[in-house]
Amino acid sequence: MQEQDFLAGQAFLLAMKKRWTTGLYSQLQEKCHLQAAHNGQPLQLADIRTFLEPDPDYQIFAWLERHLQKMKYSGPYGLAPYHRERTEQLSAQLTAEGAAERLELADDFEQPAYYQAVDIHQQPGGVWSEAVSGLIYERGARTTTPMLGQEHRDLHDRFAELVLENVGQLPQRAAILDLGCGFGKSTRPFWELAPEAIITGVDLAAPCLQLAAAEAARAGRQNILFRQADARDTGCAPESQDLVTSTMLLHEMPGTGLRAMLAESFQLLKPGGWAVHLDFWLLRDAFDRFIFEGHSQRNNEPFMRALFDMDVKAEAEAVGFEAVELTAFAEDSNIDPESWPFWRFPWTVFAMQKPA
Ligand SMILES: C[S@@+](CC[C@H](N)C(=O)[O-])C[C@H]1O[C@@H](n2cnc3c(N)ncnc32)[C@H](O)[C@@H]1O
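The rules behind the values
- Residues numbered from 1 in each chain as written.
- Predicted model: local features only at pLDDT ≥ 70, side-chain atom pairs only at ≥ 80, totals over all residues.
- Heavy atoms only, no water.
- Near = heavy atom within 4 Å.
- Polar contact = N/O pair within 3.5 Å; in protein donor to acceptor, adjacent residues only side chain to side chain.
- Areas by Shrake-Rupley, 256 points an atom, 1.4 Å probe, with all protein chains shown as cover.
- Nonpolar A, V, L, I, M, F, W, Y, C, P; charged D, E, K, R; others polar.
- Salt bridge = Lys/Arg side-chain N within 4 Å of Asp/Glu carboxyl O.
- Helix = DSSP H or I, 4+ residues; strand = E, 2+ residues; numbered from the N terminus.
- Buried < 20%, exposed > 50% of the residue type's maximum accessible area, 1.4 Å probe, protein only.
- Phe/Tyr/Trp six-rings, centres within 6.5 Å; stacked < 30°, edge-to-face > 60°.
- Pairing = 2+ DSSP bridges.
- Axes fitted to C-alpha atoms, helices over the stretch in contact; angles between N-to-C directions.
- Parallel < 35°, antiparallel > 145°, perpendicular 65-115°, else oblique.
- Left-handed = near helix turned anticlockwise from the far one by under 90°.
- Contact = heavy atoms within 4.5 Å.
- Right-handed = clockwise from strand over helix to strand, strands pointing away.
- 1 Å grid on protein atoms, 1.4 Å probe; cavity = no way out; pocket = protein on both sides within 12 Å on 5 of 7 lines; lining within 4 Å.
- Points joined across faces, edges and corners; volume = space filled by probe spheres on them.

Caption draft 1: Looking closely at the site of the ligand. Lining the immediate surroundings of the ligand are 21 residues, of which Tyr114, Tyr115, His156, Gly180 and Asp203 lie closest. In this structure, a nitrogen atom belonging to the ligand sits 2.8 Å away from a side-chain N or O atom of Ser186. A distance of 2.9 Å is found between a nitrogen atom of the ligand and a side-chain nitrogen or oxygen belonging to Asp230. Here the ligand, which alone exposes 590 Å², has 99% of that area covered by the protein. Here the shell around the ligand is built from residues that sort into 11 nonpolar, 6 polar and 4 charged.

Here it is as structure tokens:
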């Protein structure tokens, strides 16, 4: 595959996704508003299913959601064939001087069955099964949500800032743990904003952790470790962490896994420590619910739908957390989550504290 064909193909898919995010999505939302006005009452989820599922505009919306993503990864100009053809050359990005000291991979690591069962986000082989999986995921993540706002800063930076402003004074050499850190995109803002902190990133996927460790090494970052482990059993000592965080992990675990992860983070936090997670949860109305149930299915994210039904506050309190709060998160300074007219994830901050 020629580089320029790949770039043009991916640019086309992104342009299509922008049209989908704005025009097609808004059209469906408007149809539901008009129908509700006609009925004289808000539409319930069952009404929306009956109304939209046979609608050709919805069918086009749904087909494009699944197939734009599929083409992005597996089509003729897809990320997977592009990276596979260049495995040897691109694998250089997975190593750097000092990276080995920042990386702890497990021998014969056995991936959980739920994790192997489905190609999350439709990435073929998932983010864990081949040398270039982390690089494919990294490239794909750059265009997951087309940037529609004005501020071209990453939402991970905004989230880390919010967390560090709100958890009170951390010790200078605070221990911070990022669960499900992937290729380190969610970890990086913490090591940038808290340069003295001792940071651990945990993930199941070795190819992602290698990329994270190489980037930290290239940046000369000390006191950081990327460890291959399960967020339900991290290998961190009890009461060793000042702050536990995760970004987009909760919706990628089955409910039992999420409960186990909450229990694990509770026991490895120091008394008074905070756990703050960023994920998708607060839906505005039945239309949002319909759209994200569909997204869960079409984007191969089987646990997202179940997460919407979970009472995460009650689950967190059941393992002992207090001050549990769920709040909407604006991923861009010009976005009001309540009134944003285009497609966006229902970003939600889950904050909770271990009693002092
Ligand atoms: C959507 S990605 C988010 C990655 C990163 N936090 C970010 O914001 O870019 C979810 C990550 O969770 C990891 N993951 C899923 N289940 C896990 C588990 N039980 N333990 C550790 N990591 C897990 C996946 O391998 C993946 O890297």
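Caption draft 2: How the structure looks around the pattern of salt bridges. If you walk through the whole model with that rule in mind, you get 21 salt bridges. Taking the shortest distance from any N to any O, the salt bridge between Arg289 and Glu293 comes out at 2.7 Å. Of this pair, Arg289 and Glu293 are both found in helix α12 (residues 286–298), 4 residues apart, which corresponds to roughly one turn of the helix. The same class applies to Arg289 and to Glu293, which are both buried. Connected via shared salt-bridge partners are Arg49, Arg289, Glu293, Arg305 and Asp309.

Caption draft 3: Seen up close, the packing of aromatic side chains. Across all of its chains, the model carries 20 aromatic pairs by this definition. Arranged with centres 3.7 Å apart and planes meeting at 15°, the rings of Phe6 and Tyr82 form a pair that is stacked. Residue Phe6 is found in helix α1 (residues 3–39), and its partner Tyr82 is found in helix α4 (residues 79–85); the two are separated by 76 residues along the sequence. Both residues of the pair, Phe6 and Tyr82, belong to the buried class. On the basis of an interplanar angle of 50° and a centroid distance of 5.4 Å, the ring pair of Trp20 and Trp343 is categorised as tilted. On the criterion of sequence distance, the pair formed by Trp20 in helix α1 and Trp343 in the loop between β7 (322–328) and β8 (347–353) is long-range, its members being 323 residues apart. Each member of the pair, Trp20 as well as Trp343, is classed as buried.

Caption draft 4: Region of interest: unusual backbone geometry. For Asn223, which is not a glycine, the phi torsion comes out positive at approximately 55°. Tracing the chain through its elements places Asn223 in the loop between α10 (206–218) and β4 (224–228). For Asn223, a relative accessible area of 34% corresponds to the partly exposed category. The residue Glu239 is not glycine, and still its phi comes out positive at about 55°. Inspection of the secondary structure assignment puts Glu239 in the loop between β4 and β5 (241–247). On the accessibility criterion, Glu239 (44% relative accessible area) is partly exposed.

Caption draft 5: A look at the pairing of β8. Of all 7 residues in β8, 6 are buried, a share of seventy percent or more. Bridge count between strand β6 (residues 269–280) and β8: 7 bridges; the pairing is antiparallel. Pairing of Asp279 across the sheet is with Thr348, part of β8. Looking at chain direction, β7 and β8 are connected through 5 bridges and run antiparallel.

Caption draft 6: Up close: the sheet that holds β7. Judged by pairing direction, the sheet is mixed, and its 8 strands sit side by side in the order β1-β4-β3-β2-β5-β6-β8-β7 without closing on themselves. The sheet is open, and its two edges are formed by β1 (103–104) and β7, each paired on a single side. Relative to β4, β1 is paired through 2 bridges, and the arrangement is parallel. Bridge pairing in β4 places Leu103 opposite Phe226.

Caption draft 7: Up close: the packing of helix α2 (residues 45–52) against α12. Here α2 crosses α12 at 60°, and the two axes come no closer than 9 Å. Judged by the inter-axis angle, α2 sits oblique to α12. Relative to α12, α2 is oriented so that their crossing is right-handed. Between α2, through Leu45, Ile48, Arg49 and Leu52, and α12, the contact on the second element is made entirely by Ala286, Phe287, Arg289, Phe290 and Glu293. Of the residues that constitute the contact of α2 with α12, the class distribution is 6 nonpolar, no polar and 3 charged.

Caption draft 8: Layout of the pairing of strand β2 (residues 175–179). Where burial is concerned, most of β2 is hidden: 5 out of the 5 residues are buried. Here 5 bridges tie β2 to strand β3 (residues 198–203), and the two strands are oriented parallel to one another. Each residue of the ladder has a partner; that of Ala175, found in β3, is Ile198. Once you follow β2 into helix α9 (residues 188–193) and on to β3, the crossover reads as right-handed. Sheet topology note: the β2/β5 ladder contains 4 bridges and is parallel. Pairing of Leu179 across the sheet is with Ser246, part of β5.

Caption draft 9: Fine view of empty space enclosed by the protein. All chains considered together, the criterion is met by 1 cavity of 30 Å³ or more. Lining the largest cavity we find Leu250, Met253, Pro254, Gly255, Leu258, Phe303, Ala306, Leu307 and Met310. Listing elements by their share of the lining of the largest cavity, those giving two or more residues are α11 (255–268) and α13 (302–309). The biggest single contributor to the lining of the largest cavity is α13, with 3 residues. Considering only residue class, the lining of the largest cavity consists of 8 nonpolar, 1 polar and no charged.

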